[in-house]
Amino acid sequence: MTTRRALLISATAVLTLSLAGPIAAHSDEPIPVVATFSILGDMVERIGGEHVAVVTLVGPDGDAHVYQPTPADARAVSEAEVLIVNGLEFEGWINRLIDASDFNGARAVATAGIEPIAFEDDHDDHDDEHGDHHDDDHAEEDDHDDQGDEHAEEDHHDNHGDEQAKDEDHEHHDEEHAEGEHHDDHGNEHAHHDHGAFDPHAWQSLDNAVTYVDNITAALAQSDPDNAATFYQNRASYVAEIEALDAEIHKIIAGLPENRRTVVTSHDAFQYFGHDYQLTFLAPQGLSTESEASAQDVARLIEQMRAEGITAVFVENITDSRLLEQIANETGASIGGTLFPDALSGSDGPAATYLDMMRHNAETLTQALGS
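Each chain has its residues counted from 1, following the order in which its sequence is written. Given that the model is predicted, a residue must reach a pLDDT of at least 70 before its local features are reported, and side-chain atom pairs must reach 80 or more before they are shown or counted; all residues, however, enter totals for whole chains, interfaces and linings. Hydrogens and water are ignored here; the side-chain numbers use all heavy atoms of the structure.

Visitor: I tried to follow the overall build of the protein on my own but got confused; where do I start?
Guide: When helices and strands are tallied, the protein shows 13 helices and eight strands. Using a 1.4 Å probe on the protein chains alone, a residue whose accessible area is under 20% of its type maximum counts as buried, one over 50% counts as exposed, and one in between counts as partly exposed. Within the protein, buried positions represent 55% of all 371 residues. In the protein, once contacts between residues fewer than 6 apart in sequence are set aside, the share between residues at least 24 apart is 73%. Accessible surface area values rest on a Shrake-Rupley calculation with a 1.4 Å probe, where residue burial reflects the displayed protein chains alone. Put simply, the protein shows about 15,200 Å² of open surface, and 45% of that area lies on carbon and sulfur atoms. A run of H or I in DSSP counts as a helix once it spans at least four residues, and a run of E counts as a strand once it spans at least two, with each numbered from the N terminus. Contact between two residues is taken to exist if any of their heavy atoms lie within 4.5 Å; hydrogens are not considered.

Here it is, written out as structure tokens:
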């Protein structure tokens, strides 16, 4: 994992809505925080500890792609001092929810500063060497860096001048794309799932997870400066665990032979994982579970599986397994296990935390592919 930048990140790159009024002290009272889905909720709890009261909108085993916010969600957002979102247009419903809730707190984009992978909706491209096309995925960042949520104006609180130039550049591109996202919300709710989109599943990279943690830590510290030292201490221990797990996964996947590194899942959620660990992921569905696999795509995938001798497919905790079971039946492949792409399991499941999820996915893949 590459050396990370300084712990104190420019608030301009993180906070996307200004705080209403002076920053309040919260040494005796937890900050009300809303996280959009379970993976973010777990990260916030690890960093904030007893100093945050977290409401997670899309809970364990929930599918954020097709989520419909409730009146209770609007109330929770209206009462929150900090709203943590993934960005990259993952939460296609978030702007409507903010409008409905009259939210006036601080919005932090967890993916701010991450270079997104461009989604190629052409399954023929999966025939390429897996190590090559991923490196080309970061195309034309200057024109298409869509963090998917509005960022703060330049006069936000910024005490970290060394990061200013890079942060302002990300902020500029984020604001440009926010206009397009707003249009999609009102004119075509599912436009962000079409061809040419960026893959929002950036948490599937443990390297990216450090950026998530940095952004969340900075947002909490900005809202509750009295407990900032605790947040950064928690951040340090959490990042150490993330880096240790990354090294562990690299080690266990390194043993897979080259002809056992192609993975079939339900929807295209694991490209960041594949990029980090040199695996190729194929899926009949696109970036979103809202998309429907065409008969042509399924037939092409079956043909490729037969040609390459792919013998295992993996179902997901958030999707219907019937299509994967059909593909397995037609190719003679076995079900290699259940992966967790977008949501944690319940507290008694194998992916109760983000780190548990990443470890479970890696172990499930290597056990099936290595056998």
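On we go from here.
Visitor: I'm lost on the packing of aromatic side chains in this one. Help?
Guide: Any pair of aromatic rings gets described here by the distance separating the centres and the angle formed by the planes. Centres within 6.5 Å make a pair out of two Phe, Tyr or Trp rings, where for Trp the six-membered ring is used; the pair is then stacked when the planes are under 30 degrees apart, edge-to-face when over 60, and tilted otherwise. Across all of its chains, the model carries seven aromatic pairs by this definition. Ring centres of Phe90 and Trp203 lie 5.0 Å apart, and the angle between their planes is 70°; this geometry places the pair in the edge-to-face category. Taken together, the residues span a long stretch of sequence, with Phe90 in the loop between β3 (82-85) and α4 (94-101) and Trp203 in the loop between α7 (164-187) and α8 (206-223) at a distance of 113 residues. This pair shows no difference in class: Phe90 is buried, exactly as Trp203 is. Taken together, the ring pairs in this structure connect Phe270, Phe273, Tyr277 and Phe281 into an aromatic cluster.

Visitor: Is there a simple way to explain the pattern of salt bridges in this structure?
Guide: Side chains bearing opposite charge may pair, as long as their charged atoms lie close to each other. We define a salt bridge as a contact between a side-chain nitrogen of Lys or Arg and a carboxyl oxygen of Asp or Glu at a distance within 4 Å. Using the criterion set out here, one finds five salt bridges in the structure. Ionic pairing is found between Glu248 and Arg359, a salt bridge with its closest N-O pair at 3.6 Å. Of the two residues, Glu248 is situated in helix α9 (residues 228-254) and Arg359 in helix α13 (residues 354-370); the sequence distance between them amounts to 111 residues. Across the pair Arg261 and Glu258 runs a salt bridge, and its minimum N-O distance is 3.7 Å. Under the relative-accessibility criterion, Arg261 is labelled buried at 6%. On the accessibility criterion, Glu258 (59% relative accessible area) is exposed.

Visitor: Help me understand the environment of Ser78 in this model?
Guide: Tracing the backbone shows Ser78 in helix α3 (residues 71-79). Residue Ser78 is classed as partly exposed on the basis of its relative accessible area, which comes to 32%. With 27 residues separating them in the primary sequence, Ser78 and Gly105 have C-alpha atoms 8.1 Å apart.

Visitor: For this particular structure, what's the right way to read α9?
Guide: Given 3.6 residues per turn, any residue in an α-helix points the same way as the ones three and four places further on. What a helix is expected to span follows from its residue count: subtract one and scale by 1.5 Å. Here α9 contains 27 residues, and its C-alpha end-to-end distance of 38 Å stays within 8% of the 39 Å for a straight helix at 1.5 Å per residue. Among all positions of α9, only Ala228, Phe231, Tyr232, Arg235, Tyr238, Val239, Ile242, Leu245, Asp246, Ile249 and Ile253 are buried. Considering only its buried residues, α9 is in contact with β1 (31-37), α2 (38-48), α8, α10 (271-277) and α13.

Visitor: What is the right way to look at the nonpolar core in this model?
Guide: For soluble globular proteins, the rule of thumb is that nonpolar side chains tend to be buried together. Buried Ala, Val, Leu, Ile, Met, Phe, Trp, Tyr and Cys residues that are joined via side-chain atoms within 4.5 Å together make up what is termed a nonpolar core. With 80 residues, the main nonpolar core has Met43, Ile84, Leu206, Ile249, Phe273, Tyr354 and Met357 as its most contacted residues. A total of 10 residues in this core trace back to one element, the largest contributor, which is α8. With near-sequence residues (within four places) excluded, Ile84 lies in contact with Val33, Val34, Ala35, Thr36, Leu40, Val44, Ala108, Ile216 and Ala219. Residues Ile302, Met305, Leu324 and Ala333 belong to the second largest nonpolar core, which totals 13 residues.

Visitor: What exactly am I supposed to notice about the side chain of Asn86 here?
Guide: As for its placement among the helices and strands, Asn86 is situated in the loop between β3 and α4. On the accessibility criterion, Asn86 (0% relative accessible area) is buried. Here a polar contact is taken to be a pair of N or O atoms separated by no more than 3.5 Å, where protein atoms must pair a possible hydrogen donor with a possible acceptor and residues adjacent in sequence count only if both atoms sit in side chains. In terms of polar contacts, Asn86 uses its side chain to reach the side chain of Tyr212, at 2.5 Å. When neighbours within four sequence positions are excluded, Asn86 is seen to be in contact with Thr36, Phe37, Leu40, Glu91, Val109, Ala110, Thr111, Pro200, Trp203 and Tyr212.

Visitor: I tried to follow the sheet that holds β1 on my own but got confused; where do I start?
Guide: The strands that make up a sheet pair up through hydrogen bonds in the backbone, lying either parallel or antiparallel. Any two strands are treated as partners once DSSP identifies two or more bridges connecting them. Strand order across the open sheet formed by four strands is β2-β1-β3-β4, with parallel pairing between neighbours. If you trace the sheet from one side to the other, it starts and ends with β2 (52-58) and β4 (106-109), each paired once. The sheet shows a mean angle of 20° between the axes of neighbouring strands, taken without regard to direction. To obtain each axis, a line is fitted to C-alpha atoms, and for helices this fit is confined to the stretch in contact; angles are then taken between N-to-C directions over 0 to 180 degrees.

Visitor: How do you make sense of the packing of helix α11 (residues 295-308) against helix α12 (residues 322-331) when you look at a structure like this?
Guide: Two packed helices can be described by the angle between their axes and the distance between those axes. Contact pair α11 / α12: the axes reach a minimum separation of 10 Å and the direction vectors enclose 45°. The angle between α11 and α12 falls in the class oblique. Crossing hand, α11 versus α12: right-handed. Together, Val298, Leu301, Ile302, Met305 and Arg306 of α11 and Leu323, Ile327, Glu330 and Thr331 of α12 make up the contact between the two elements. Residue polarity is assigned by list, with Asp, Glu, Lys and Arg as charged and Ala, Val, Leu, Ile, Met, Phe, Trp, Tyr, Cys and Pro as nonpolar; anything else, Gly included, falls into the polar class. Looking at the contact of α11 with α12, its residues break down into six nonpolar, one polar and two charged. For classification purposes, angles smaller than 35 degrees are called roughly parallel, those larger than 145 roughly antiparallel, those between 65 and 115 roughly perpendicular, and all remaining angles oblique. With the far helix as reference, a near helix turned anticlockwise by less than a right angle produces a left-handed crossing, and one turned clockwise produces a right-handed crossing.

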